[in-house]
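Summary of structural features
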Amino acid sequence: MFTEPLSMQSMAVPPGRPLRILLVAGTLSGRGGIETCLRTVAQEAIAAGDELRILALCPSTDDSSWHTGLDYAEVKDGHPSLKRQALKGIPALVKEMRSRPFDAVVVIYSSTIPLVRLALMLAGLRRPVLAWLHFSTMIKQRIGLLRLAQAQICISRQFMQEMQALKGVRADSVHLVHNGTEVRVAPVGRSTDGSLRFVHVGRLMVGGQKRSDDLLRALARVQGNWSLDMLGAGSPTDALDRLQALAQELGISGRVRWRGWQRDPWDAMDCADVLVLCSEFEGSPLVLIEAMARGIACVSSDCIAGPSDIVEPGGNGWLFPVGRIDALAQRLQGLVDRREPLPAPDEVRASVQKFSRQEMYRNFRQVIVRTMDARTRRRDRAAASLGG
């Protein structure tokens with residue numbers, strides 16, 4: 001059993017009164033997919049007439065501009081280590097909770113759940129806490145702490161199933177809410193010079209989560225007319241040098257353009273035919289949705305978790321087993337040879353309309369309201385049993 005995205009239902013919040021949400025974040029770089037999701041949900045909350053405040057337990061490590069224009073606060077001298085955020089984080093949380101009558105608290109790291117629960121107790125408040133994690137449970141986190149949250153917001157189907165299998169987590173408290181983005185965007189044109197243009201968007205890593213080197217190794221086996229644009233910064237910073245050296249060693253450096261980190265990578269593209277993602281793991285790769293919304297077909301590793309929720313093999317892209325460079329090379333060779341024609345851009349764009357940012361926020365909001373309703377019903381039943 002699992003809970004699908006919810007349909008519209010009666011709200012616990014009185015009509016005309018906005019839903020007030022406190023979203024607690026831990027360590028963020030300022031350049032990742034999580035920041036994009038936080039910005040999207042905050043903007044959509046404003047559009048829906050709700051109030052969403054983000055409290056970061058430490059400043060962003062790389063780029064603080066991502067939260068410009070949002071209702072945002074941070075612990076100025078907070079530490080990036082989750083283990084050391086309690087000292088400064090709890091007082092900041094208590095202050096926020098006492099200053100505003102939030103209806104619910106959403107956290108994006110399981111390690112912050114005990115801090116939030118303690119802060120609520122110190123503030124004298126009873127509010128539901130919801131966990132909105134963006135990585136699979138295969139990543140080393142304090143997953144056992146999720147049982148302390150009243151609900152789990154899962155961004156992929158595989159992630160949802162993992163949550164339901166955790167001891168102490170009620171199946172009916174687990175909800176599927178896919179990440180969303182702006183899907184009504186201008187398409188990126190396809191190449192017209194006879195060369196198939198591959199693109200990679202995201203952090204550049206040797207091995208690790210993104211496995212960017214897998215793409216270079218696969219393309220080194222591909223014959224024919226192709227080129228590759230790499231958009232992203234090295235993670236760590238020396239990864240870029242290592243990848244450039246690998247391209248040179250493989251004899252493909254003349255076909256690869258290193259574009260660096262781009263605030264808007266899609267505006268930086270003059271054309272693109274296929275986006276390739278080689279990740280070892282994901283939460284729900286927003287880059288796939290963003291590419292498809294622009295008519296770009298995608299080839300993605302079938303990693304845990306998320307790509308299989310987005311990629312429709314043969315319809316808007318293809319999947320290959322994680323780490324299987326031979327399988328990836330075979331797929332890319334077929335595309336270069338045109339044995340496997342690319343799906344029409346309009347079909348690719350239509351396939352991700354269900355991942356709109358508006359739909360994401362509707363489902364996100366409804367999970368919060370449903371959790372508030374369930375908490376109220378349990379409290380009423382407890383009071384009735386005592387009264388009886």
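Note: the structure precedes this text.
Residues numbered from 1 in each chain as written. Predicted model: local features only at pLDDT ≥ 70, side-chain atom pairs only at ≥ 80, totals over all residues. Heavy atoms only, no water.

What the chain contains, in helices and strands, is 11 helices and 13 strands. Relative to its length of 388 residues, the chain is compact, with a C-alpha radius of gyration of 22 Å against a globular reference of 21 Å. For the chain, the spread of C-alpha atoms along the principal axes amounts to about 80 × 40 × 40 Å. Taking all 388 residues of the chain together, the buried fraction comes to 54%. The contacts of the chain with a sequence gap of at least 6 include a subset with a gap of at least 24, amounting to 69%. Carbon and sulfur atoms form 51% of the exposed surface of the chain, whose accessible area is close to 16,700 Å². Measuring between centres, the 50 positive side-chain charges of the chain sit 8 Å from its 40 negative side-chain charges. (Helix = DSSP H or I, 4+ residues; strand = E, 2+ residues; numbered from the N terminus. Rg over C-alpha atoms; globule rule 2.2 N^0.38 Å. Buried < 20%, exposed > 50% of the residue type's maximum accessible area, 1.4 Å probe, protein only. Contact = heavy atoms within 4.5 Å. Areas by Shrake-Rupley, 256 points an atom, 1.4 Å probe, with all protein chains shown as cover. Lys, Arg positive; Asp, Glu negative; His and termini not counted. Charge placed at Lys NZ, Arg CZ, Asp CG, Glu CD.)

In terms of nonpolar packing, the biggest core is built from 93 residues, with Leu38, Trp132, Leu275 and Phe364 touching the most fellow members. Not counting the four nearest positions on each side in its chain, Phe364 is found in contact with Ile21, Val41, Leu52, Val106, Trp132, Ile153 and Val177. Counting 31 residues, the second-largest nonpolar core is a separate cluster that includes Leu228, Leu246, Phe320 and Ala327. (Core = buried A, V, L, I, M, F, W, Y, C linked by side-chain atoms within 4.5 Å.)

Positionally, Met163 belongs in helix α4 (residues 157-164). Judged by relative accessible area, Met163 falls into the buried class, the value being 2%. It is 9.7 Å that separates the C-alpha atoms of Met163 and Arg147, two residues lying 16 residues apart in sequence.

For strand β12 (residues 297-301), a buried count of five out of five residues is recorded, marking the element as mostly surrounded by other parts of the structure. Taking every second residue as pointing to the same face, both faces of β12 are buried, with Ala297, Val299 and Ser301 on one and Cys298 and Ser300 on the other. Of the strand pairs in this sheet, strand β11 (residues 274-277) and β12 are connected by four bridges, and their pairing is parallel. In the sheet register, Val276 faces β12, and the bridge partner there is Val299. Where the polypeptide runs from β11 across helix α7 (residues 286-293) and back to β12, its parallel neighbour, the crossover connection is right-handed. Here four bridges tie β12 to strand β13 (residues 317-320), and the two strands are oriented parallel to one another. (Pairing = 2+ DSSP bridges. Right-handed = clockwise from strand over helix to strand, strands pointing away.)

Taken together, the six strands give an open sheet; going across it, the order is β10-β9-β8-β11-β12-β13, and neighbouring strands pair in parallel fashion. The outermost strands of the open sheet, each flanked by one partner alone, are β10 (256-260) and β13. Averaged over all pairs of adjacent strands, the angle between strand axes in this sheet comes to 20 degrees, irrespective of strand direction. Strands β8 (196-201), β9 (226-231), β10 and β11 of the sheet are contacted by helix α5 (residues 212-219), whose axis makes an angle of about 170 degrees with β9. (Axes fitted to C-alpha atoms, helices over the stretch in contact; angles between N-to-C directions.)

Moving on to the sheet that holds strand β3 (residues 72-74). In space, the seven strands of this open sheet follow the order β3-β2-β1-β4-β5-β6-β7, with parallel pairing throughout. On the outer flanks of this sheet lie β3 and β7 (174-176), each paired with one strand and no other. If you compare each strand with its neighbour and ignore which way they point, the axes differ by 25 degrees on average. Here three bridges tie strand β2 (residues 51-56) to β3, and the two strands are oriented parallel to one another. Directly across from Ala56, in β3, lies its bridge partner Glu74. The strands touched by helix α1 (residues 33-47) within the sheet are β1 (20-25) and β2, with β2 carrying the most contacts at an inclination of about 150 degrees. Running at roughly 165 degrees to β2, helix α2 (residues 86-99) makes contact with β1, β2, β3 and β4 (104-107) of the sheet.

For the rest of this paragraph, the subject is empty space enclosed by the protein. In this structure the tally under the stated criterion is one cavity of 30 Å³ or more. Its volume calculated, the largest cavity comes out at about 30 Å³. Ala131, Trp132, Leu133, Leu146, Gln152, Ile153, Cys154, Phe159 and Met163 are the residues that line the largest cavity. Counting only elements with at least two residues in the lining of the largest cavity, the list comes to β6 (151-154) and α4. Here the element with the most residues in the lining of the largest cavity is β6; it accounts for three residues. For the lining of the largest cavity, the per-class residue count stands at eight nonpolar, one polar and no charged. (1 Å grid on protein atoms, 1.4 Å probe; cavity = no way out; pocket = protein on both sides within 12 Å on 5 of 7 lines; lining within 4 Å. Points joined across faces, edges and corners; volume = space filled by probe spheres on them. Nonpolar A, V, L, I, M, F, W, Y, C, P; charged D, E, K, R; others polar.)

The next point concerns the packing of α5 against helix α6 (residues 239-250). For the pair α5 and α6, interaxial distance at closest approach is 10 Å and the crossing angle is 10 degrees. By the angle class used here, α5 and α6 are roughly parallel. Here α5 and α6 pass one another in a crossing that is right-handed. Residue-level inspection shows Ser212, Asp213, Leu216 and Arg217 of α5 in contact with α6, the latter providing Leu243, Leu246, Ala247 and Leu250. The residue makeup of the contact of α5 with α6, split by class, is five nonpolar, one polar and two charged. (Parallel < 35°, antiparallel > 145°, perpendicular 65-115°, else oblique. Left-handed = near helix turned anticlockwise from the far one by under 90°.)

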